[in-house]
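An overview of the molecular structure
The lines below spell out each chain.
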Amino acid sequence: MRMVSFMLAVMILVVSLSSLVGNAFAEEQEFPRGKSVNVNVMSYNIHHGEGVDGVLDLERIAHIIEEGEADIVCLQEVDNHFSERSDFQDQAKWLANRNGMFYTYAANLDYKPLNEGEPRRQYGTAILSKYPILKAENHLLPKIGNTEQRGLSQVTINVKGNHLHAYNTHLSHLTSAERQIQMEEIIQITGESKGPKVIMGDLNATPESNEMKLMYSNYIDAFANQNEAYTYPAENPTKRIDYIFTSNNIETNGARVINTLASDHLPLMTTIVLDRAEPFNNGEK
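The following refers to the structure shown. (Residues numbered from 1 in each chain as written. Predicted model: local features only at pLDDT ≥ 70, side-chain atom pairs only at ≥ 80, totals over all residues. Heavy atoms only, no water.)

1. Quick notes on the nonpolar core
With 23 residues, the main nonpolar core has V39, I72, V159, L164 and I244 as its most contacted residues. Mapped by element, the contributors of at least two residues to this core are β1 (36-45), β2 (72-80), β6 (151-159), β7 (162-170), β8 (197-202) and β12 (268-275). Those residues within four positions of I244 in sequence are excluded, and the remaining contacts are V41, S43, V198, I199, M200, I220, D221, A222, F223, L268, M269 and T270. Grouped together as the second largest cluster of nonpolar side chains are 21 residues, M42, A62, V73 and L75 included. (Core = buried A, V, L, I, M, F, W, Y, C linked by side-chain atoms within 4.5 Å. Buried < 20%, exposed > 50% of the residue type's maximum accessible area, 1.4 Å probe, protein only. Helix = DSSP H or I, 4+ residues; strand = E, 2+ residues; numbered from the N terminus. Contact = heavy atoms within 4.5 Å.)

2. Re helix α2 (residues 58-67)
An α-helix turns once every 3.6 residues. As a result, residues three or four positions apart point the same way. By the burial criterion, the buried members of α2 are L58, I61, A62, I64 and I65. Angular distribution of buried residues about the axis of α2 spans 155°; they occupy a single face of the element. Where the residues of α2 are buried, they touch β1, β2, α3 (91-99) and β4 (121-129). Between the side-chain oxygen at the start of α2 and the backbone nitrogen of E59 there is a gap of 3.1 Å, and the oxygen is on D57. Positive backbone phi, at 55°, marks E69, one or two positions downstream of α2. (Arc of directions from axis to C-beta. Polar contact = N/O pair within 3.5 Å; in protein donor to acceptor, adjacent residues only side chain to side chain.)

3. What about the packing of aromatic side chains?
Counted under the stated rule, the structure contains 4 aromatic pairs. Here the aromatic rings of F82 and Y123 are separated by 5.8 Å at their centres, their planes lie at 45°, and the arrangement is tilted. One end of the pair, F82, is in the loop between β2 and α3; the other, Y123, is in strand β4, and 41 residues separate them in sequence. The exposure classification of F82 matches that of Y123, with both residues buried. Ring centres of Y216 and F245 lie 5.3 Å apart, and the angle between their planes is 75°; on these two criteria the pair is classed as edge-to-face. Taken as a pair, Y216 in helix α5 (residues 213-218) and F245 in strand β10 (residues 242-246) lie far apart in primary sequence, 29 residues in all. When its relative accessible area of 33% is taken as the criterion, Y216 is described as partly exposed. Taken together, the ring pairs connect F82, Y111 and Y123 into an aromatic cluster. (Phe/Tyr/Trp six-rings, centres within 6.5 Å; stacked < 30°, edge-to-face > 60°.)

4. Focus on the sheet that holds β7
With respect to topology, 6 strands assemble into an open sheet ordered β5-β6-β7-β8-β10-β9, the strand pairing being mixed. In this open sheet, the two edge strands, each paired with only one partner strand, are β5 (133-140) and β9 (220-221). The sheet contact formed by β8 and β10 spans 5 bridges and is antiparallel. Within β10, the position partnered with G201 by the bridge is Y243. (Pairing = 2+ DSSP bridges.)

Nothing here speaks to function; it is geometry throughout.
Below you can see the structure in the form of structure tokens.
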């Protein structure tokens, strides 16, 4: 009798495991090669979670990401145990957990903790993704003199079988000359990757500026037909300094600026279309 019960238990376990494997393969089969994949991408300078009202409130930022149904989010001005201004929180981790997303954090400023044994105090950018992040790297960008260190965060994301390269940056707010050398470095770095690319961030430059010419000659502006897609300042925006660029093997639609006072910048979004039927070539613009 014990032997019969044991065999019955084994059979039930095998059937259960087979069911789990079947569900995993079924999920993959929902997206056969040749089907396009729509991905909602967002760029947002969150001002360490402080709104125009001077209130620190990460929940407002999380809600904007959630309401926008963003799949991939590039955030700038993100604190990691930085100071009292953000309650020494790990903001990238908090937002990722709150929205059920993968994430990577890139520290451009990296200071010793105030007290021994505490985490290092960091300030930089973050990328959140509903899809798995396969690898991540942060490139420190050149600067002029003793100015704030800036960086270019680079990740590869597995979007239902497509490997998408996403880049996130926040360029210098000081001079056009400094942004120019930073932009040259960005073009060099992004040009080394194969496949579809999206470059997002706060570039601190308006579309007609000299340093933006490099971006426009290499990538496509998702807001090219919306010259008044102003993002700064949030309350009465008069400048367009935040951007989403793509390589030319990506179709975009639904580009929009979101009206909110949760930061001093406005977030912007678009939907990119990854066509699995198209081969992706190295260095495509």
